[in-house]
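Chain residues, written in single-letter form:
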Amino acid sequence: MTVQPRRFGGYDVTTLLDGIFEAPSEVIVHQAGPTARAEAIARFGQPRISIAVNCFALRDAGGVTLVDAGTGPSWGAALGHAPQAMAEAGIRPEDVERILITHLHGDHALGLFDGERPRFPGAEIVVPQADLGYYGDEAKRAATPESKRGAFDIAASLRRLYAGRIRAAAPGPVLPGVALIPLPGHSFGHSGYLVGDGDRSLLLWGDALHLGALQAADPAIGMVYDLDADQAARSRRDILERAAAAGWTVSGGHITGFRQVRRQGDGYALVPSA
């Protein structure tokens, strides 16, 4: 399923739904400890989370750029539908000139691969330098919790299948009108991409928030998937404040629709973007 495009900077931006991810609500964590975690789960009020997994297509006169690539077939039948969403939007894999990866987790990068072939035969793959450096260093695998080592395998597949077409990106401009903003914590080099400039900009913030309303209201709420939970919480609060102050529109890997960030009490709220 696709969502009608919105214009930001020089790009028409289309959301591509890869599918719906589900997990028990016990994946919610809180930086203040077990009592605060239990209260957060109670506020959530549901036994399971059910969140969108999104990719984005950016189109301008120069062609098609994707932000993230979905899961491919690796995560079951509920996911892996980004290729169909692309087709509905009139985009063929060979039309994609580059893919901006927010981080090397499976729901953002496994869709780069079609078995042992690259799914996007002509695309340049742009990866945050910090993520590529960390997960491309096998010596760091042992120091990473076992449940969070999948990105090392993804980095190895990326190097093998897209050799010569990988660009490690530092913070700052990566394309005309698109800049990488580091948001570390969820992964070592987790980042977002700011499209456009001024108050008509769109920030695609990857996994800065998984549960939009809950985490906006209390940025200390995280998920077990964060590599460094303390750093992820700091990045979350910082980017919410920055987006609120700048008036940016926001969306991300697990945010449905385009939103604005508003300050609300000690936290924030995500409201529909006009």
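This is a predicted model, so every value here is computed, not measured.

Our focus in this paragraph is the nonpolar core. In terms of nonpolar packing, the biggest core is built from 33 residues, with L104, L112 and F120 touching the most fellow members. Where this core is concerned, the elements lending two or more residues are β4 (48-60), β5 (63-67), α2 (82-88), β6 (96-100), β9 (124-128), α4 (129-135) and α5 (150-161). If near-sequence neighbours (up to four positions away) are discounted, L112 is found in contact with A69, I99, I101, R117, P118, R119, F120, I125, L158 and Y162.

A complete count under the given rule lists 13 salt bridges for this structure. The salt bridge partner of D95 is R92, with a shortest N-O separation of 2.8 Å. For R92, a relative accessible area of 46% translates into the label partly exposed. Residues participating in the shared-partner salt-bridge network are R92, E94 and D95.

One open sheet accounts for seven strands, arranged β1-β2-β4-β5-β6-β9-β10; its pairing is mixed. Bordering the open sheet on either side are β1 (6-8) and β10 (166-169), each of which pairs with just one other strand. The average undirected angle you get between the axes of adjacent strands in this sheet is 30 degrees. Note that strand β2 (residues 11-24) and β4 share 12 bridges and pair antiparallel.

Moving on, we come to the packing of aromatic side chains. Summed over all chains, the structure comprises eight aromatic pairs. Summarising the aromatic geometry, the rings of Y134 and F188 are spaced 4.6 Å apart at their centres and angled 15 degrees between planes, so their arrangement reads as stacked. Separated by 54 residues along the polypeptide, Y134 in helix α4 and F188 in the loop between β12 (178-182) and β13 (191-195) bring together distant segments of the chain.

Our next topic: the pairing of β4. Taken together, the five bridges between β4 and β5 define a ladder with antiparallel strand orientation. Within the sheet, the bridge partner assigned to R59 lies in β5 and is V64.

As for its placement among the helices and strands, S187 is situated in the loop between β12 and β13. A relative accessible area of 0% places S187 in the buried class. Here H190 takes part through its backbone nitrogen, which lies 3.0 Å from a polar atom of the side chain of S187. Ignoring sequence-local partners within four residues, the contact set of S187 consists of H103, H105, D131, Y135 and L227.

Glancing now at unusual backbone geometry. Glycine aside, the phi torsion of most residues is negative, and most peptide linkages are trans. Although it is not a glycine, D68 sits at a positive phi angle of roughly 70 degrees. Mapped onto the secondary structure, D68 falls in the loop between β5 and α2. A relative accessible area of 3% means that D68 is categorised as buried.

All right, on to the environment of Y268 then. Mapped onto the secondary structure, Y268 falls in strand β18 (residues 267-272). Judged by its relative accessible area of 6%, Y268 falls in the buried class. Separated by 53 residues in sequence, Y268 and Q215 place their C-alpha atoms 8.5 Å apart. If sequence neighbours within four positions are ignored, Y268 has contacts with A216, A217, P219, R237, L240, E241, A244, V261, R262 and R263. Reaching out from Y268, the side chain makes a polar contact with the side chain of E241 at a distance of 2.8 Å.

Cut-offs and rules
Residues numbered from 1 in each chain as written. Predicted model: local features only at pLDDT ≥ 70, side-chain atom pairs only at ≥ 80, totals over all residues. Heavy atoms only, no water. Core = buried A, V, L, I, M, F, W, Y, C linked by side-chain atoms within 4.5 Å. Buried < 20%, exposed > 50% of the residue type's maximum accessible area, 1.4 Å probe, protein only. Helix = DSSP H or I, 4+ residues; strand = E, 2+ residues; numbered from the N terminus. Contact = heavy atoms within 4.5 Å. Salt bridge = Lys/Arg side-chain N within 4 Å of Asp/Glu carboxyl O. Pairing = 2+ DSSP bridges. Axes fitted to C-alpha atoms, helices over the stretch in contact; angles between N-to-C directions. Phe/Tyr/Trp six-rings, centres within 6.5 Å; stacked < 30°, edge-to-face > 60°. Polar contact = N/O pair within 3.5 Å; in protein donor to acceptor, adjacent residues only side chain to side chain.

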